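Listed below, chain by chain, are the residues.
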Amino acid sequence: MVLSHAASDSDVSVHSTFASRYVRTSLPRFKMPENSIPKEAAYQIINDELMLDGNPRLNLASFVTTWMEPECDKLIIITPTIMASINKNYVDMDEYPVTTELQNRCVNMIAHLFNAPLGETETAVGVGTVGSSEAIMLAGLAFKRKWQNKRKAEGKPFDKPNIVTGANVQVCWEKFARYFEVELKEVKLSEGYYVMDPEQAVEMVDENTICVAAILGSTLNGEFEDVKLLNDLLVLKNKETGWDTPIHVDAASGGFIAPFLYPELEWDFRLPLVKSINVSGHKYGLVYAGIGWVVWRNKEDLPEELIFHINYLGADQPTFTLNFSKGSSQVIAQYYQLIRLGHEIFLHIMGNYASCARSNITPSSSSSKVILPDGEVRHIHAPTKAAELMMEIPSFFLVDAKTLKIGRKLKPLAADDDLQTRGCHVYVAFPMTRATSAANASDMARLFLAAKKQQRRRVRTAVKHCNTTSSFSSSSSSSKVILPDGEVRHIHAPTKAAELMMEIPSFFLVDAKTLKIGRKLKPLAADDDLETRGCHVYVAFPMTRATNSGVDQAIGCYDTPVQELIVIDDLLSAMVGIEGRYISIKRFHGKEESIAFQVDPSMDLALQASSPQQIFPLCECFLLIDQFVESSSQFKNGLVNHAFAAALRALLLDYQAMVAQLEHQFRLGRLSLQGLWFYCQPMMGSMRALAAVIHQASAKNFVGSAVLNLLQSQAKAMAGDNSVRSLLEKMTECASNAYLSILERWVYEGIIDDPYGEFFIAENRSLKKESLSQDSTAKYWSQRYSLKETIPGFLANIAATILTTGKYLNVMRECGHNVQVPISERSKLTIFGSNHHYLECIKAAHEFASKELVSLIKDKYDLIGRLRSIKHYLLLDQGDFLVHFMDIARDELNKKVHEISVEKLQSLLDLALRTTAAAADPRHEDLTCCVDRASLLTTLGMHKDSDSNSMEDPVSITGLETFSLSYKVQWPLSIVISKKALSKYQLIFRFLFHCKHVERQLCGAWQIHQGIRSMNSNGTAIRRSSLLCRSMLKFISSLLHYLTFEASGELSFSCVLEPNWHVMHDRLQSTKSVDEVIQHHDFFLDKCLRGCLLLLPDVLKKMEKLKSVCLQYAAATQWLISSSIDINSQSHSQKTMIRDATVTESIFNFEREFNSELQSLGPVLSKGSQAEPYLTHLSQWILGVSKE
């Protein structure tokens, strides 16, 4: 889109000389004219202005096709088919079904061209767009939405998506990132390498990456990026991290080139991670500007919610575009080109394009350069495969010069590597020796670059000396030898090269006149005659195994001073893990791999017994540490090992610098064996301590916390050596930085960002918050996040606080209340020395999270109000609705358990709630009813908090014994009022409800007695029955009052529910954390359970027996009273006397049984009062009242 700009006042009209015969006045430039003009005039005006445009056929920088065959032009431009193409809005599928079919054919042709995995009858998924820019927007939206859906399902943040691309991408990628709020991570380009580096791209991928975008045909130079390598690296990272980061290929330029010119190149849907590809039809698709395509691997890669379905143009029509209406001409043109040209002509056209491109490249670019170790440069003409180079340069492995970076491991070329697609044709050869194949091969790049600079410096120095020498006569009596460190040795009048070699041992010599960059070194032979040479300047190069083609003699053949020099040279190599001429490295494989250094047995015994054996442990430690550093660079070893390896790598650089300094001293002739041992001693203790840590960590595969604890314990063990202890503490600090980064996200955001399972907090994702309303054990709060066994020592004392901090933040996030510790209050968690600042930061984060969550639960979700509502209904604090319910549900509750209709009970409960004072409570709708299948005694026997295991169930039970109320509790209040807590409320309710039922039955019996007082019945049976009914009623009423009401007077301390409620209520007002809220609530329920005798089997059995006697008596009262009245009204016949005796005996039996059970309750309460003092108060309350 071209943005408009305001024009000057003098340029506001459109003038046309040729159109003046139609119009007499100029037309306004930026406003619509008031009047119309003839069509010929309009045509002429526009045609006049367009003549100033350039010729499209001559515009080589337009990025689009500018010529098509006339037959295609007729389809999309020329009359009479203009009405069949340009004016067709191909979004209207009902009106233009053939145009829609042509688009679908194009999509399927392109999908098959890109090797989409389609079945025989399966159609491709794709859409035509207005160029690749729209195609990229659509593909990016699909990736973003799919990533967001996955993150939402996992309960993770989804507000910070990013996309990884190279810095060479077209501007449409930057538009997508900016328009749709996606962070753009760009891989920077490097000199000579102008495409995205796949390794760097994969390193930049994180859990928020929606995709990696690879470019097939860079805008800068047309180069293809290595999509195959990117796919392979990303597959490994996805496997190690558990992510599923996909790839999008922007094939705007190369999509119609690669399938024809490079059919074997794997870049498309043959790679499993390539999920979508866009291609430009108006570039190498050979269509005029305005057409692009995007295809997806399969339907699952395009989220359904992005596809809109419209029906205001007719039938249901799916659409996935950024714009709505568009002409169909380009679609028709694309279909024309595909069927007109076919594979055959496309191949020819693309081949012509490639030839044209190559003809504009300088001839020198058709050859490759190989730089040999001695500096020689070989030119190999136009190789296509790496195998052609390898045949020219045998015994060497080749490395692309673009990949040579300090610290990066060398990546040799494979024989089948294609060299034509590479942007740089410069390679470096390395000899295939044991030294280069060892673990430290990654340093060869640095050695090569350093050696190259040193050689250039030697050449310049040698040429300078040679020029100086040439100014003297040829009979100069001395020769000059330039050593590697720059020292110049003067040797008097040598005649043979052997004389120089004896003066400069362990070096080969090169005539300075022959030193030129790119020319292979030619060493002097021992019998070379020096007198005939015009220049007596030579350059010395170290004689290593790679340069010495001869067979080494036994070291014992040399004199002892020479042996010492050779041993020092070999030891310096061994100290960096390289075998020398007389010191070899032996590796032993078994249960534990080990390394040993061995010297030539012919060495002088005095030398063998001295420094070499003392220095070998240092060499072994270096190899062990270096091997650990290399292996720990893999993702699977975790972040702590990564950080530890990075710290070790820095230490090894210092160590290698020390070795380099020692070698410098040796070359100056200032280093002896004793001196070497003296300089190595300071590093010996540190390297041994680190090697011990690494050996144990590697043997036991330690990661995360275990590595940190191992470092800490080793540091404590080295308390007597300050330098070693300080080093280990420094290593601990470096290794813990990655661990503390995980800890920071947990205590500041409540997120476990632990891709390798190193953190000491485990997350059980199988437990969902919804389980709190179903799981009677309330596992969610205790097991959703839990502590692992291995905890870092410096966090052991505060681990519980760390756990609860993140849990609090998670609860708030799952409530939609995304609270994080404010940025201003966050501090970088670090540990060093005796500084405990990190502990203060953790405590501050815990206080913040606790305060926020408690405030959220109390204020927004009204915890106290919910608890009070539960108290009203389940603890019988508000009993009017319950009385009404018991009246209207009496018949249903008297049924056997299996005959009860829970739905009917629920409707009766709703009726009772709506017709009583409970209707004013907005929370009464959360109340539901339920019927258990077991009696209270059986339920308590199964309850894990109960000590009773032998409680028996009655023979037959009704709804009166099993009915209970339940309460709907939503998240996050379900943390406090969990299923387990509700079950305790229900146990208390069932006991109180049954006591209430007994009281109502006895009240009915008492009313019957009161009804016959006016009859002046003076019978003994009626009088005794009345007294018994009074005693029973007072017993059950006293028990209910003791349990539920706040009494006054002397026995006020004996009440259960109300006083405990007030205690909990007061404590909740001052709580600072949810754990305290849960603790106070659980304590309240346990106190109530125990106070209501539900956790005391012996006492509860006595109470149940007394209630059973009361119910039996209440049920028999009607018969007893009516029988007594009949007896009093009849004559005293023998039959009447017998019946009177039976009634009296029945009343006596009820009285004896009730009094017996009541009297036996006293000893049971007295016995239990030793462990439960409140039973004494209960005994005084119930038994004292019963004696009245």
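Please read all numbers here as calculations on a predicted model, not as lab measurements.

Student: Looking at this structure, I do not really get the overall build of the protein. What am I missing?
Tutor: The helix and strand inventory of the protein stands at 36 helices and 25 strands. By residue count, 47% of the 1188 residues in the protein fall in the buried class. Within the protein, contacts between residues separated by at least 24 positions form 70% of all contacts whose residues are at least 6 apart in sequence. Here the protein has roughly 59000 Å² of accessible surface; of this, 53% comes from carbon and sulfur atoms.

Student: What exactly am I supposed to notice about the sheet that holds strand E6 (residues 209–215) here?
Tutor: Two strands in a sheet stick together by hydrogen bonds in their backbones, pointing the same way (parallel) or opposite ways (antiparallel). In space, the seven strands of this open sheet follow the order E3-E9-E8-E7-E6-E4-E5, with mixed pairing throughout. Only two strands of the sheet have a single partner each, and these edge strands are strand E3 (125–129) and strand E5 (183–187). Going from strand to strand, the sheet's axes swing by 20° on average, the running direction of each strand aside. Two elements, strand E4 (residues 162–166) and E6, share three bridges in a ladder whose sense is parallel.

Student: So what exactly am I meant to see when it comes to the packing of aromatic side chains here?
Tutor: Note on aromatic pairs: each is described by the distance of the centres and the angle between the planes. Using the criterion set out here, one finds 21 aromatic pairs in the structure. Ring centres of Phe224 and Tyr262 lie 6.0 Å apart, and the angle between their planes is 90°; this geometry places the pair in the edge-to-face category. Of this pair, Phe224 sits in the loop between E6 and helix H7 (227–241) while Tyr262 sits in the loop between helix H8 (258–261) and strand E8 (274–280); the two residues are 38 residues apart in sequence, bridging distant segments of the chain. With a relative accessible area of 14%, Phe224 lands in the buried category.

Student: What is the right way to read the UniProt feature "modified residue: N6-(pyridoxal phosphate)lysine" (unreviewed entry) in the protein from this model?
Tutor: In the numbering used here, UniProt assigns the "modified residue: N6-(pyridoxal phosphate)lysine" (unreviewed entry) feature to Lys283. Along the chain, Lys283 falls in the loop between E8 and strand E9 (292–296).

Student: What's the story with the confidence of the model for the protein in this structure? I'm lost.
Tutor: Caution is warranted with low-pLDDT regions, since their predicted coordinates should not be read in detail. Scored by pLDDT, the protein has a mean of 75; 70% of the residues are at 70 or more. Here residues 78–85 scores under 50 on pLDDT; set against residues more than four positions off or in separate chains, the count is twelve contacts. Every residue in residues 1046–1054 scores below 50 in pLDDT, and together they form twelve contacts with partners more than four places removed in sequence or on other chains.

Student: Would you mind going over the pattern of salt bridges with me for this structure?
Tutor: Two side chains with opposite charge may pair up if their charged atoms get near one another. Using the criterion set out here, one finds 24 salt bridges in the structure. For Asp862, the salt bridge goes to Arg923, with nearest N and O atoms at 2.3 Å. Note that Asp862 is positioned in the loop between helix H23 (837–860) and helix H24 (863–874) and Arg923 in the loop between helix H27 (902–914) and strand E24 (927–931), a separation of 61 residues in sequence. Within this structure, Arg151, Glu207, Arg745 and Asp753 form a network of salt bridges that share partners.

Student: How should I be thinking about the packing of helix H17 (residues 638–667) against helix H20 (residues 722–749) in this particular structure?
Tutor: Two quantities define a packed helix pair, namely the angle between the axes and the distance from one axis to the other. Packing of H17 against H20 brings their axes to within 8 Å, and their N-to-C directions diverge by 145°. Once H17 is placed against H20, the crossing between them reads as right-handed. Contacts between H17 and H20 involve Leu639, Val640, Ala643, Phe644, Ala647, Leu648 and Leu651 on the former and, on the latter, Leu727, Met731, Cys734, Ala735, Ala738, Tyr739 and Ile742. Of the residues contributing to the contact of H17 with H20, the split by class is 14 nonpolar, no polar and no charged.

Student: Just checking my understanding: could you explain the pairing of E9 for this structure?
Tutor: Along any regular strand the residues' side chains alternate between the sheet's two faces. Buried residues dominate E9, accounting for five of its five residues. Because side chains alternate across E9, one face comprises the buried residues Gly292, Val294 and Trp296, and the other comprises Trp293 and Val295, equally buried. For E3 and E9, the ladder comprises five bridges, and the chain directions are antiparallel. The residue bridging Gly126 from the neighbouring strand is Val295, located in E9. The pairing of E8 with E9 spans five bridges and is antiparallel. Within the sheet, the bridge partner assigned to Ile277 lies in E9 and is Val295.

Student: Please explain unusual backbone geometry as it appears in this structure.
Tutor: Across residues other than glycine, the phi torsion is negative in most instances, and most of the peptide bonds are trans. Positioned with a positive phi, Asn115 is a non-glycine residue whose angle comes to about 60°. Along the chain, Asn115 falls in the loop between helix H3 (97–113) and E3. The phi dihedral of Leu286 is positive, around 70°, even though this residue is not glycine. Here Leu286 shows up in the loop between E8 and E9.

Student: Just checking my understanding: could you explain the nonpolar core for this structure?
Tutor: A general trend in soluble globular proteins is that nonpolar side chains are found buried together. Grouped together as the largest cluster of nonpolar side chains are 108 residues, with contacts concentrated most on Phe885 and Leu1094. In terms of residue count, the dominant contributor to this core is helix H30 (residues 979–1011) (13 residues). Counting 84 residues, the second-largest nonpolar core is a separate cluster that includes Leu572, Leu652, Ala735 and Tyr748.

Student: Hey, could you run me through helix H18 (residues 673–699) in this one?
Tutor: An α-helical turn contains 3.6 residues, so a residue and the one three or four places further along point in the same direction. In a regular helix each residue adds 1.5 Å, so 27 residues correspond to 39 Å; H18 covers only 34 Å between its end C-alpha atoms and thus falls short of that length. In the structure, H18 departs most strongly from a straight axis at Gln681, where the bend amounts to approximately 45° and where the proline Pro682 lies between one and four residues downstream. Positive backbone phi, approximately 55°, marks Asn701, located one or two places after H18.

Student: How should the environment of Ile798 be read in this particular structure?
Tutor: Secondary-structure assignment places Ile798 in the loop between strand E23 (785–787) and helix H22 (799–814). Sequence-wise, Ile798 and Leu839 are 41 residues apart; in three dimensions their C-alpha atoms are separated by 7.8 Å. Apart from the residues within four sequence positions on either side, Ile798 is in contact with Leu839, Ile842 and Lys843.

Student: Sorry if this is basic, but what is going on with the side chain of His994 here?
Tutor: Within the fold, His994 resides in helix H30. The residues contacting His994, other than those within four sequence positions of it, are Leu960, Glu961, Glu1104, Lys1107 and Leu1111.

Student: Mind showing me how you'd approach the pairing of E8 here?
Tutor: Within E8, six of the seven residues are buried, which leaves it mostly tucked inside the rest of the structure. Bridge analysis of strand E7 (residues 247–250) against E8 gives four bridges, and the strand direction is parallel. In the strand pairing of E8, Ile247 is matched with Val274.

Student: How should I be thinking about the packing of helix H4 (residues 132–153) against helix H5 (residues 171–179) in this particular structure?
Tutor: Relative to each other, H4 and H5 sit at 45°, their axes nearing to 9 Å. When the interaxial angle is binned, H4 and H5 end up oblique. Both H4 and H5 take part in a crossing whose hand is right-handed. Of the residues in H5, those in contact with Ser133, Ile136, Met137, Gly140 and Leu141 of H4 are Cys172, Trp173, Lys175, Phe176 and Tyr179. Considering only residue class, the contact of H4 with H5 consists of seven nonpolar, two polar and one charged.

Student: I tried to follow helix H14 (residues 560–574) on my own but got confused; where do I start?
Tutor: Compared with the 21 Å implied by 1.5 Å per residue over 15 residues, the 20 Å span of H14 between its first and last C-alpha is a close match. Listing the buried residues of H14 in full gives Gln563, Ile566, Val567, Ile568, Asp569, Asp570, Leu571, Leu572 and Ala574.

Student: Any chance you could explain the environment of Ile888 here in plain terms?
Tutor: Among the secondary structure elements, Ile888 is positioned in helix H25 (residues 880–888). For the pair Ile888 and Leu908, spaced 20 residues apart in sequence, the C-alpha to C-alpha distance is 7.0 Å. The contacts of Ile888, once residues within four sequence positions are left out, are Leu908, Leu911 and Ala912.

Student: Which parts of the structure should I look at to understand the state of the cysteines?
Tutor: Under the criterion given, the structure shown has zero disulfides. The structure places no disulfide on Cys1029, whose sulfur is separated from the nearest cysteine sulfur, that of Cys1003, by 8.2 Å.

Parameters and conventions
- Residues numbered from 1 in each chain as written.
- Predicted model: local features only at pLDDT ≥ 70, side-chain atom pairs only at ≥ 80, totals over all residues.
- Heavy atoms only, no water.
- Helix = DSSP H or I, 4+ residues; strand = E, 2+ residues; numbered from the N terminus.
- Buried < 20%, exposed > 50% of the residue type's maximum accessible area, 1.4 Å probe, protein only.
- Contact = heavy atoms within 4.5 Å.
- Areas by Shrake-Rupley, 256 points an atom, 1.4 Å probe, with all protein chains shown as cover.
- Pairing = 2+ DSSP bridges.
- Axes fitted to C-alpha atoms, helices over the stretch in contact; angles between N-to-C directions.
- Phe/Tyr/Trp six-rings, centres within 6.5 Å; stacked < 30°, edge-to-face > 60°.
- UniProt positions renumbered as here; feature names shortened; annotations may be inferred.
- pLDDT = per-residue confidence, 0-100.
- Salt bridge = Lys/Arg side-chain N within 4 Å of Asp/Glu carboxyl O.
- Left-handed = near helix turned anticlockwise from the far one by under 90°.
- Nonpolar A, V, L, I, M, F, W, Y, C, P; charged D, E, K, R; others polar.
- Core = buried A, V, L, I, M, F, W, Y, C linked by side-chain atoms within 4.5 Å.
- Expected span 1.5 Å × (residues − 1).
- Bend = angle between axes of the 7 residues up to and from the residue.
- Parallel < 35°, antiparallel > 145°, perpendicular 65-115°, else oblique.
- Disulfide = S-S within 2.5 Å.

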